[in-house]
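Here is how the chains run, residue by residue.
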Amino acid sequence: MKVTHKIETHTRAGEPVIRFTVENSFGATVEFTNWGARWITASVPDANGALANVLVGYEELSDYLDDTYYMGATVGRFANRIARASLVINGKTCHLETNDGPNTNHGGYSGFHQKLWQWEELPDGLRFRLDSPDGEGGYPGNVCILAEYRFNEQNELLVRHRAETDCTTYINMTNHAYFNLSGTDKKITEHWLQIPSHRILDTTSEFIPTGKRIRVEGTPFDFTVTKQIGKDLYEDNEQLRWNKGYNHYYILKDELSAERVHAAVLYDSQTGRKLIVQTDLPGVMLYTAGYYEKPDTAVCLETQFYPDTPSHPDFPSCLLRPGQVYEHHTLFSFKVAEK
């Protein structure tokens, strides 16, 4: 494995923003930046051995400084939405930043995605560190965060998120990579997708969970059997309309466990590239980029805790107390299948 880095731009405060490249012996590469601890490229082979970048993002590192789509970012303190931008811990109400109407999304204006992280090179990847101070974004606790990426000879990227706190708080982290296995910006409607989940969370038009779980059988949301993303994407369905496509949380577990389970399999029959996602987290957010400037040209598979967990005592808890460790893993495996 070969790990290199290069300063390509600077923040407005003059701090260096770095591109890190991790290359295996077969020439496949993944790239990262310390701005938002982002995963920005993945150049992996197709069925003919040709390499192409299958992550949607920006060519220039400087463009990530003004990114509003969370491209490849480490998201926190709380991935996805919290209703009314407030949560209660030990009887005390914490008021969070409202960056999504009356709600908060992806950590608010103080989210991890627009922080410059400390870093260290590993033999097979990168480890990023961020210290989030008490009260940042409205969340209690001084929290030490690690985001670690490790790449191997099998074209597998292991993402590890770790956190410790000095005060009880909520943590829910994810990586927000946008995938297009064609290596182009064409629509992902012809990509094949399988998600082994029979239930999604019902949401309001503000994308806030109602608390209900919906069975996917007989609905456009059923990916238990592999189908093309575009098959039902444009159906006349209320949830699909207000979400501008898929923007839904698929339940993988009802209770938290260390077991790593399959979250999704994404396949492009034109190139033969396949992506297998496995995680120990309780669910995965399927987002077909309906709110991106080029809608439906990428798909996100964000492994995370349930959205709005603090408002629902029956959801698996991501409350972190002093002395405990938040640590979760997601494995992204890039494979090749016959076309």
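Since we're looking at a predicted model, the values are computed, not measured.

About the cut-offs
- Residues numbered from 1 in each chain as written.
- Predicted model: local features only at pLDDT ≥ 70, side-chain atom pairs only at ≥ 80, totals over all residues.
- Heavy atoms only, no water.
- Pairing = 2+ DSSP bridges.
- Helix = DSSP H or I, 4+ residues; strand = E, 2+ residues; numbered from the N terminus.
- Salt bridge = Lys/Arg side-chain N within 4 Å of Asp/Glu carboxyl O.
- Buried < 20%, exposed > 50% of the residue type's maximum accessible area, 1.4 Å probe, protein only.
- Axes fitted to C-alpha atoms, helices over the stretch in contact; angles between N-to-C directions.
- Polar contact = N/O pair within 3.5 Å; in protein donor to acceptor, adjacent residues only side chain to side chain.
- Contact = heavy atoms within 4.5 Å.
- Core = buried A, V, L, I, M, F, W, Y, C linked by side-chain atoms within 4.5 Å.
- Phe/Tyr/Trp six-rings, centres within 6.5 Å; stacked < 30°, edge-to-face > 60°.

J.: For this particular structure, what's the right way to read the sheet that holds strand β17 (residues 192-194)?
T.: Sheet strands associate in pairs through backbone hydrogen bonding, adopting either a parallel or an antiparallel arrangement. Taken in spatial order, the nine strands of this open sheet run β11-β12-β13-β14-β27-β23-β22-β17-β20, and their pairing is antiparallel. For this open sheet the edge positions go to β11 (118-122) and β20 (227-228), each flanked by a neighbour on one side alone. Looking at chain direction, strand β14 (residues 156-165) and strand β27 (residues 326-336) are connected through eight bridges and run antiparallel. Along β27, the bridge assignment pairs leucine 157 with phenylalanine 332.

J.: What's the story with the pattern of salt bridges in this structure? I'm lost.
T.: Two side chains of opposite charge can pair, provided their charged atoms sit close to one another. This structure, assessed with the given rule, holds 24 salt bridges. For aspartate 67, the salt bridge is made with arginine 38, and the minimal N-O distance between the two is 2.9 Å. Note that aspartate 67 is positioned in the loop between β5 (51-53) and β6 (74-75) and arginine 38 in strand β4 (residues 38-45), a separation of 29 residues in sequence. The two residues aspartate 67 and arginine 38 agree in class, both being buried. When salt bridges with common partners are traced through the structure, they connect Glu120, Asp124, Arg127, Glu148, Arg150, Arg160, Arg162, Glu164 and Glu327 into a single cluster.

J.: Mind showing me how you'd approach the sheet that holds strand β2 (residues 16-23) here?
T.: Judged by pairing direction, the sheet is antiparallel, and its five strands sit side by side in the order β1-β2-β3-β4-β5 without closing on themselves. Each having just a single partner strand, β1 (2-10) and β5 make up the two edges of the open sheet. Averaged over all pairs of adjacent strands, the angle between strand axes in this sheet comes to 20 degrees, irrespective of strand direction. Summarising the sheet, β4 and β5 pair through three bridges and their orientation is antiparallel.

J.: Would you take a moment to explain the side chain of threonine 41 for this structure?
T.: Of note, threonine 41 is situated in strand β4. Of note is the side chain of threonine 41, whose polar atom sits 3.0 Å from the side chain of glutamate 31. Residues in contact with threonine 41, not counting those within four places in the same chain, are Arg19, Thr29, Val30, Glu31, Asn53 and Leu55.

J.: For this particular structure, what's the right way to read the pairing of strand β24 (residues 283-287)?
T.: Sheet faces and side chains relate simply in a regular strand, where the side chains alternate between the two faces. Burial analysis of β24 places five of its five residues in the buried class, which makes it a mostly covered element. Of the two faces of β24, the one lined by Gly283, Met285 and Tyr287 and the one lined by Val284 and Leu286 are each fully buried. Judged from the five bridges that link them, strand β21 (residues 247-251) and β24 form a sheet pairing that is antiparallel. Looking across to β24, one finds that histidine 248 is bridged to leucine 286. Where β24 meets strand β25 (residues 300-304), five bridges bridge the pair, whose relative direction is antiparallel. Within β25, the position partnered with tyrosine 287 by the bridge is cysteine 300.

J.: Looking at this structure, how should I read the side chain of aspartate 296?
T.: Relative to the assigned elements, aspartate 296 resides in the loop between β24 and β25. Under the relative-accessibility criterion, aspartate 296 is labelled buried at 5%. The residues contacting aspartate 296, other than those within four sequence positions of it, are Lys187, Ile188, Leu233, Tyr234, Lys244, Thr288, Ala289 and Gly290.

J.: What should I look at first to understand the nonpolar core in this one?
T.: Where a protein is soluble and globular, its nonpolar side chains tend to be buried together. Of all hydrophobic cores here, the largest spans 71 residues; its most connected members are Phe32, Trp39, Phe179 and Tyr250. The element contributing the most residues to this core is strand β13 (residues 143-151), with five residues. In terms of nonpolar packing, the next biggest core, distinct from the first, is built from 15 residues, Trp35, Val56, Tyr64 and Tyr292 among them.

J.: Mind showing me how you'd approach the packing of aromatic side chains here?
T.: One pair of aromatic rings is described through two measures. These are the centre distance and the angle between the planes. One pass over the structure, following the stated rule, counts 21 aromatic pairs. Where phenylalanine 20 meets phenylalanine 128, the ring centres are 5.7 Å apart and the plane angle is 75 degrees; that geometry is what we call edge-to-face. Highlighted residues: phenylalanine 20 in strand β2 and phenylalanine 128 in strand β12 (residues 125-132), separated in sequence by 108 residues. For the pair phenylalanine 20 and phenylalanine 128, a shared accessibility class is recorded, and that class is buried. Seen in terms of ring centroids, tryptophan 39 and phenylalanine 334 are 6.3 Å apart; in terms of plane orientation they differ by 70 degrees. Their pairing is edge-to-face. Highlighted residues: tryptophan 39 in strand β4 and phenylalanine 334 in strand β27, separated in sequence by 295 residues. Exposure remark for phenylalanine 334: the relative accessible area of 6% places this residue in the buried category.

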